[in-house]
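# Architecture and fold: a report
What follows is the residue order along each chain.
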Amino acid sequence: MASNYITNVAIAGRQQRHSGSIMTEALLKTAARRRDSQANRLQQTETIVEALKGQDALIIALSGLAPHGIDMTLIQAAGDAGDLVVFQSKGNQQQNLVSYIAVSTGFWYEWSLAILSAFGIDFAKRTVTLFDEGEAKIPTSTWPQVGRTGAGLLSMPIKAEGGNGACLENLKNQVVYADSFTVSQKDMLESAFRVAGTTEKDWTITKESAKERYENSAKEMKQGDRIEAAIERSKSTTW
């Protein structure tokens, strides 16, 4: 890595229509402007190490439904391939194998809003399940923001230029937090009322204890419910 900037980037998860593809689009726009970045997609599991040789960074942006353990396989391969910086999920770091930067973007707003198990809102049936009173605000990110976050980080110099300033070296083996805004279920519901031209009386609203919902979801995960597992995993996803 002769340059002080990352130039070759491998992305695991690029084909799926979620953060991987969104980041690829953002990176390619950056490449067109800088003319020194490119995105490469991993092809076959058995050739991961070979595919990563010559790369400066690996972005792991896998679906929550990806086979269990594949992220650890990728991290091991990155360690075997050479001096790569791995951008990955908060909570999935494997110490001593690679240098990593974990990025937590919270729930993806567009994706989660359409999933009943995530934000509890069913737009088609006009029903909503509020967790407790539905007033707790959480950080969430839009997909464009996720793309900008990835492109922004990868556009930073590896080491500080001129002896100071932001650089990737200062973020090594740490967690970076990014979000678009904070929002509650009631905020989302008010937006739904406005967009659909409805009022509260047009919806069926129920409430559920957040503690009980968490405990029931954890139980379903242990029993193999992959949808619940994906929702839970997305809470701390990198991208």
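In this text the structure is predicted, and so the values were computed from the model without any measurement. (Residues numbered from 1 in each chain as written. Predicted model: local features only at pLDDT ≥ 70, side-chain atom pairs only at ≥ 80, totals over all residues. Heavy atoms only, no water.)

### Some details on helix H6 (residues 143-154)
Along an α-helix, a turn takes 3.6 residues, which lines up residues three or four apart on a common side. Using the following cut-off: For helices the rule is a DSSP run of H or I covering at least 4 residues; for strands it is a run of E covering at least 2, with both sets numbered from the N terminus onward. In this analysis, the expected span of each helix is defined as 1.5 Å times one less than the number of residues it contains. We call a residue buried when its accessible area falls under 20% of the maximum for its residue type, exposed when it is over 50%, and partly exposed in between, using a 1.4 Å probe and counting protein chains only.
Over its 12 residues, H6 runs 17 Å from end to end, which matches the ideal 16 Å to within 8%, given 1.5 Å per residue. Within H6 the residues assigned to the buried category are Trp143, Gln145, Val146, Gly147, Thr149, Gly150, Ala151, Leu153 and Leu154.

### Digging into the environment of threonine 73
Residue placement: threonine 73 occurs in helix H3 (residues 70-81). The class for threonine 73 is partly exposed, based on a relative accessible area of 40%.

### Structural notes on the pattern of salt bridges
So the rule is basically this: When a carboxyl oxygen of Asp or Glu is within 4 Å of a side-chain nitrogen of Lys or Arg, the pair counts as a salt bridge.
A complete count under the given rule lists seven salt bridges for this structure. With a closest N to O distance of 3.2 Å, glutamate 135 and lysine 186 form a salt bridge. Of the two residues, glutamate 135 is situated in the loop between strand E8 (127-131) and strand E9 (138-141) and lysine 186 in helix H7 (residues 185-196); the sequence distance between them amounts to 51 residues. For glutamate 135, a relative accessible area of 52% gives the class exposed. A salt bridge links aspartate 202 to lysine 201; the nearest nitrogen and oxygen atoms lie 3.8 Å apart. The class of lysine 201 is exposed, set by a relative accessible area of 72%.

### Describing the packing of aromatic side chains
To describe a pair of aromatic rings, one takes the distance between the centres and the angle between the planes. For clarity, the threshold we go by: Here a Phe, Tyr or Trp ring, Trp counted by its six-membered ring, pairs with any other such ring whose centre lies within 6.5 Å, and the pair is stacked when the planes are under 30 degrees apart, edge-to-face when over 60, and tilted otherwise.
Following the criterion strictly, the structure yields seven aromatic pairs and no others. Where tryptophan 108 meets tryptophan 111, the ring centres are 5.7 Å apart and the plane angle is 75°; that geometry is what we call edge-to-face. Ring geometry for phenylalanine 193 and tryptophan 203: centres 6.0 Å apart, planes at 65°, overall edge-to-face. Of this pair, phenylalanine 193 sits in helix H7 while tryptophan 203 is found in the loop between H7 and strand E12 (204-208), placing the two residues 10 residues apart along the sequence. For the pair shown, phenylalanine 193 and tryptophan 203 are each scored as buried. Put simply, the rings of Phe107, Tyr109, Phe119 and Phe181 touch in pairs and so form one group of aromatic residues.

### With respect to the confidence of the model for the protein chain
In low-pLDDT regions, the fine details of the predicted coordinates are not to be read closely. We apply this condition: What pLDDT expresses is the predictor's confidence in each residue, scored from 0 to 100. Residue contacts follow a heavy-atom distance rule, with two residues in contact if any of their heavy atoms lie within 4.5 Å.
Looking at the protein chain, pLDDT values average 78 and 71% of them are 70 or higher. In this model residues 31-43 is a low-confidence stretch, pLDDT under 50, and it forms 30 contacts with partners more than four residues away in sequence or in other chains. Within the model, the stretch residues 232-239 combines pLDDT values under 50 with 42 contacts to residues more than four positions away or in other chains.

### What to know about H7
To keep it simple, the criterion reads: Here the arc refers to the set of directions running from the helix axis out to each C-beta atom.
Relative to the 16 Å expected for 12 residues at 1.5 Å per residue, H7 spans 16 Å between its end C-alpha atoms, a close match to the ideal helical length. Residues Gln185, Met188, Leu189, Ala192 and Phe193 constitute the buried set of H7. Taken end-on, H7 shows its buried residues confined to a sector of 145°, consistent with a single buried face. Away from its buried face, by an angle of more than 90 degrees, H7 presents the exposed residues Arg194 and Val195. Buried residues belonging to H7 abut helix H4 (109-113), helix H5 (116-119), strand E7 (121-122), E8, strand E11 (181-183) and E12. With its phi angle positive at about 70°, glycine 197 sits one or two positions after the end of H7.

### A closer look at unusual backbone geometry
Backbone geometry follows two general trends: most residues other than glycine have a negative phi, and most peptide bonds adopt the trans configuration. Backbone geometry at arginine 126 places phi at a positive 55°, although glycine is not the residue there. Among the secondary structure elements, arginine 126 is positioned in the loop between E7 and E8. For arginine 126, a relative accessible area of 34% puts it in the partly exposed group. For asparagine 173, which is not glycine, the phi dihedral falls at a positive 60°. Looking at where asparagine 173 falls in the secondary structure, it is placed in the loop between H6 and strand E10 (174-177).

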